[in-house]
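The residues making up each chain are set out below.
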Amino acid sequence: MSKYYDKKVILLLDEYDTPMQEAYVYGYWDELAGFMRGIFNSTFKSNPYMERALLTGITRVSRESIFSDLNNMVVVTAVSDKYADCFGFTEEEVFLALEEYGLTAHKAEVKKWYDGFTFGNVSGIYNPWSITNYLDERKLKPYWANTSSNAMIGKVIREGSRLLKVNFEKLLMGECLEQMLEEQLVFNQLDTSENAVWSLLLASGYLTICGQLQTERGQEYYQLKLTNLEVQLMFENMVRDWFSKYSDNYNDFLKALLEDDLDAMNEYMNRIALSMFSFFDVDQGKDDTKKREPERFYHGFILGLIVDLQNRYFITSNWESGFGRYDVLLEPKSENEDGIILEFKVFNSRREKNLSDTVKCALKQIDEKKYESQLTARGIPKERIRKYGFAFEGKKVLIGSADFPEPVYKSEE
């Protein structure tokens, strides 16, 4: 083109990091990074025919290894004021489009589903892909799904630490998180830095900024929440997909839990743990010295509870109640249902003789720490509060209740 027109060329590269997302998800990051570094160096640095270039993506490029040789780069991120109203449709543009299509009566619903993005100092930005699809189909549903970024997000959450899952549970329950952000994100940080994961979620549009705080030392913390209803439903569907292969056992467990069938709970929970443990309990990186964290499985299990029972219960995890932090608490939305407390314990051979002892320790902790105080404060009588202790040893599980602290069920390998 340069030779033909006798002018230098402007290069436009959209979603430059999509191949890297695929490489991260499917495990060939190092090979692709070296390949892309050579291409980008020859294209964007030593190319005598280039006038200038514009690249878009969801990860900041300034510290990414494939751009290490480039200079004179201007980087615009989700928290930059520059071009803040150009990352999507403004509310004015969306409402004008709805009027043009005769959909003025649906403004509030469209806002609930697709609004919520904030870039720099501009809020009220809508997802353009979702809006154009809605105008075409005239149906409110999650259009923004099945993309490579969704696959990567699912991987980092599913394989993330216990604390990351706890915070993700809070997001699903509609809460805000206070987090520092790492604008200069690189992919190899995702396995080790929780801040990097939240930064990725913000850059990808799955989180939005709802407030900003500053500490005495000048550090900036952002309040983050799920962007809108479309994102909420997308994440709920993602969690359901994690359990889809095991849905029969998982649904049977939930039924047994609601019916207080302890034997069935033990049977189905052992099936779930046996088949799903390795799915959530994933080694991070290539460091063989790092031990697996069984809590990742337990909190993956809690995410499933939140998604499938949230219509009947307010479900909270790792919150303070009484004199400590319970593992899971289910507060019924109906006056006809019981409150439920779940406490998880990993078998400790120095402290207990067997899993039955571990169950007793879990139940004892519930009582000593007065975890039921949150439920009784909401008017639920003590006789309608069920308490369960979950004892884990590898993929073996034993569940006991306050009425039956020594369950007779024997889990199998």
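Refer to the preceding data block for the structure.
The numbers attached to residues start from 1 for each chain and follow its sequence in the written order. Predicted model: local features are reported for residues with pLDDT of at least 70 only, side-chain atom pairs are reported and counted for 80 or more only, and whole-chain, interface and lining totals are derived from all residues. Excluded from the side-chain calculations are hydrogens and water; all other atoms, namely the structure's heavy atoms, are used.

Enquirer: Would you mind going over the overall build of the protein with me for this structure?
Expert: A count of helical and extended segments in the protein gives 15 helices and 15 strands. Burial classes: relative accessible area under 20% of the type maximum marks a residue as buried, over 50% as exposed, and values in between as partly exposed (1.4 Å probe, protein chains only). Residues classed as buried in the protein amount to 48% of the 413 residues present. In what follows, residue pairs with any heavy atoms lying within 4.5 Å of each other are defined as contacts. Put simply, of all contacts in the protein between residues at least 6 apart along the chain, 64% involve residues at least 24 apart. In the structure as shown, the protein presents an accessible area of about 21,500 Å², 47% of it carried by carbon and sulfur atoms. In this description a helix means any DSSP run of H or I spanning at least four residues, a strand means any run of E spanning at least two, and both kinds are numbered starting from the N terminus. Values of accessible area rely on a 1.4 Å probe in the Shrake-Rupley scheme; residue burial ignores everything except the protein chains shown.

Enquirer: What is the right way to read the nonpolar core from this model?
Expert: Side chains of a nonpolar character, in soluble globular proteins, are inclined to be buried together. Counting residues in hydrophobic clusters, the biggest one holds 76 residues, and the most contacted among them are Phe-168, Phe-235, Phe-253, Phe-297, Leu-342 and Phe-390. The element that contributes the greatest number of residues to this core is helix 12 (residues 262–280), accounting for 10 residues. Once residues lying within four places of it in the same chain are set aside, the contact partners of Leu-342 are Leu-257, Leu-305, Asp-327, Val-328, Leu-330, Tyr-388 and Phe-390. What we call a nonpolar core is a set of buried Ala, Val, Leu, Ile, Met, Phe, Trp, Tyr and Cys residues that are connected through their side-chain atoms within 4.5 Å. Formed by 14 residues, the second largest nonpolar core is a distinct cluster that contains Leu-329, Val-359, Leu-363 and Leu-375.

Enquirer: When you look at the pattern of salt bridges in this model, what are you seeing that I'm missing?
Expert: Two side chains of opposite charge can pair, provided their charged atoms sit close to one another. The term salt bridge refers to a side-chain nitrogen of Lys or Arg lying within 4 Å of a carboxyl oxygen of Asp or Glu. Applying the stated criterion to the full structure yields 18 salt bridges. In this structure, Glu-137 and Lys-141 form a salt bridge, with 3.0 Å as the shortest nitrogen-oxygen distance. A relative accessible area of 33% places Lys-141 in the partly exposed class. The partner of Glu-331 in a salt bridge is Arg-378, and the shortest N-O contact between them spans 2.6 Å. Residue Glu-331 is found in strand 12 (residues 328–332), and its partner Arg-378 is found in the loop between helix 15 (373–377) and strand 14 (385–393); the two are separated by 47 residues along the sequence. Each member of the salt-bridge network shares a partner with another, and the members are Asp-260, Asp-338, Arg-384 and Arg-386.

Enquirer: Where do I start with helix 12 in this structure?
Expert: For an α-helix, 3.6 residues make a turn, and residues three or four places apart therefore share a direction. Along helix 12, the sharpest change in direction is near 40 degrees and occurs at Leu-274. When helix 12 is considered as a whole, its buried residues turn out to be Leu-262, Ala-264, Met-265, Asn-266, Tyr-268, Met-269, Asn-270, Ile-272, Ala-273, Met-276, Phe-277 and Phe-280. One fitted axis covers the seven residues ending at a residue, a second covers the seven starting there, and the bend at that residue is the angle between these axes.

Enquirer: Looking at this structure, I do not really get the packing of helix 8 (residues 162–172) against helix 10 (residues 229–243). What am I missing?
Expert: When two helices pack together, their arrangement is given by the angle between their axes and by how far apart the axes lie. Simply put, an axis is a line fit to the C-alpha atoms, just over the touching stretch for a helix, and the angle between two N-to-C directions goes from 0 to 180 degrees. Between helix 8 and helix 10, the shortest axis-to-axis distance is 11 Å and the interhelical angle comes to 130 degrees. Looking at the two axes, helix 8 sits oblique to helix 10. Judged by the sense of rotation from one axis to the other, the crossing of helix 8 with helix 10 is left-handed. Packed against helix 8, whose contacting residues are Phe-168, Leu-171 and Leu-172, the element helix 10 presents Gln-232, Phe-235, Glu-236, Met-238 and Val-239 at the interface. Gly is placed with the polar residues, together with every amino acid not listed as nonpolar (Ala, Val, Leu, Ile, Met, Phe, Trp, Tyr, Cys and Pro) or charged (Asp, Glu, Lys and Arg). Grouping the amino acids of the contact of helix 8 with helix 10 by side-chain chemistry returns 6 nonpolar, 1 polar and 1 charged. Oblique is the label for any angle not under 35 degrees, not over 145, and not in the 65 to 115 range, which are roughly parallel, roughly antiparallel and roughly perpendicular in turn. Note: crossing handedness is left-handed where the near helix turns anticlockwise from the far helix by less than a right angle, and right-handed where it turns clockwise.

Enquirer: Mind showing me how you'd approach the pairing of strand 14 here?
Expert: Two faces belong to every sheet, and in a regular strand the side chains alternate between them. Counting buried positions along strand 14 yields 8 of 9 residues, so the element is predominantly enclosed. Strand pairing is defined by DSSP finding a minimum of two bridges between the two strands. In the sheet, strand 13 (residues 339–346) pairs with strand 14 via 8 bridges, with the strands oriented parallel. Opposite Ile-341, over in strand 14, you have Lys-387 as the bridge partner. Following strand 14, the chain reverses through 2 residues before pairing antiparallel with strand 15 (residues 396–401); Gly-394 in that reversal takes a positive phi of roughly 65 degrees.

Enquirer: Honestly, the side chain of Arg-158 in this entry has me stumped. Any pointers?
Expert: Checked against the element boundaries, Arg-158 lands in helix 7 (residues 148–158). Any N or O atom pair separated by 3.5 Å or less is treated as a polar contact, with the protein-specific requirement of one donor-capable and one acceptor-capable atom, and with residues adjacent in sequence counted only for side-chain atom pairs. A distance of 3.5 Å separates polar atoms of two side chains, one belonging to Arg-158 and the other to Glu-159.

Enquirer: Teacher, can you tell me more about the side chain of Gln-179 here?
Expert: Assignment of secondary structure puts Gln-179 in strand 6 (residues 177–179). If we ignore the near neighbours within four places in the chain, the residues touching Gln-179 are Asn-167, Glu-194, Asn-195, Trp-198, Tyr-221, Tyr-222 and Leu-224.

Enquirer: Would you mind going over the environment of Asp-115 with me for this structure?
Expert: Residue position: Asp-115 is located in the loop between helix 5 (107–114) and strand 4 (117–119). A relative accessible area of 9% means that Asp-115 is categorised as buried. It is 9.0 Å that separates the C-alpha atoms of Asp-115 and Thr-90, two residues lying 25 residues apart in sequence. Other than its neighbours up to four places away in sequence, Asp-115 contacts Glu-91, Val-110, Gly-124, Ile-125, Tyr-126, Thr-227 and Asn-228. Only 2.7 Å separates the side chain of Asp-115 from the side chain of Lys-111, close enough to count as a polar contact.

Enquirer: How should the sheet that holds strand 13 be read in this particular structure?
Expert: Within a sheet, adjacent strands bond to each other through the backbone by hydrogen bonds, running parallel or antiparallel. Strand order across the open sheet formed by 5 strands is 9-12-13-14-15, with mixed pairing between neighbours. The sheet is open, and its two edges are formed by strand 9 (313–317) and strand 15, each paired on a single side. Within the sheet, the average angular offset between the axes of one strand and its neighbour, ignoring direction, is 15 degrees. Summarising the sheet, strand 12 and strand 13 pair through 3 bridges and their orientation is antiparallel. The residue of strand 13 that forms the bridge with Val-328 is Leu-342.

Enquirer: It is not clear to me how the sheet that holds strand 5 (residues 122–126) should be interpreted in this structure. Could you clarify?
Expert: Read across the sheet, 3 strands follow the order 3-5-4 without closing on themselves; strand pairing throughout is antiparallel. With partners counted over all chains shown, the strands left at the sheet margins are strand 3 (89–90) and strand 4, one partner each. In this structure, strand 3 lies alongside strand 5, joined through 2 bridges in antiparallel fashion. Across the sheet, Thr-90 pairs through a bridge with Ile-125, a residue of strand 5.

Enquirer: I'm lost on a nonpolar patch on the surface in this one. Help?
Expert: Patch membership needs two things, relative accessible area over 30% and no salt bridge, and members are linked within 9 Å if like-charged or within 5 Å if nonpolar (Val, Leu, Ile, Met, Phe, Trp, Tyr). Together, Met-1, Tyr-4 and Tyr-5 line one region of the surface with nonpolar side chains, adding up to about 480 Å² of accessible area. With respect to the secondary-structure elements, Met-1 resides in the segment before helix 1 (2–5).

Enquirer: Would you mind going over the packing of aromatic side chains with me for this structure?
Expert: Between the rings of Phe, Tyr and Trp (Trp by its six-membered ring), a pair exists once the centres lie within 6.5 Å; its type follows the angle of the planes, with under 30 degrees stacked, over 60 edge-to-face, and the other angles tilted. Scanning the entire structure with this criterion turns up 19 aromatic pairs. Here Phe-168 and Phe-235 contribute two aromatic rings whose centre-to-centre distance is 5.1 Å and whose plane-to-plane angle is 80 degrees, an arrangement assigned as edge-to-face. A residue pair is termed long-range when its members are at least 10 positions apart, and Phe-168 in helix 8 and Phe-235 in helix 10 qualify at 67 residues. The pair formed by Phe-168 and Phe-235 is uniform in burial state, with each residue classed as buried. Between the aromatic rings of Phe-253 and Phe-390, the centroid separation amounts to 6.4 Å while the plane-to-plane angle is 70 degrees, which identifies the pairing as edge-to-face. Pair noted here: Phe-253 is in helix 11 (residues 247–258) and Phe-390 is in strand 14, with a separation of 137 residues, a long-range link. Residue Phe-253 shares its accessibility class with Phe-390, and that shared class is buried. One aromatic cluster is present, built from ring pairs that chain together Phe-243, Tyr-250, Phe-253, Phe-301, Phe-344, Phe-390 and Phe-392.

Everything listed here is a matter of geometry and, on its own, says nothing about what the molecule does.
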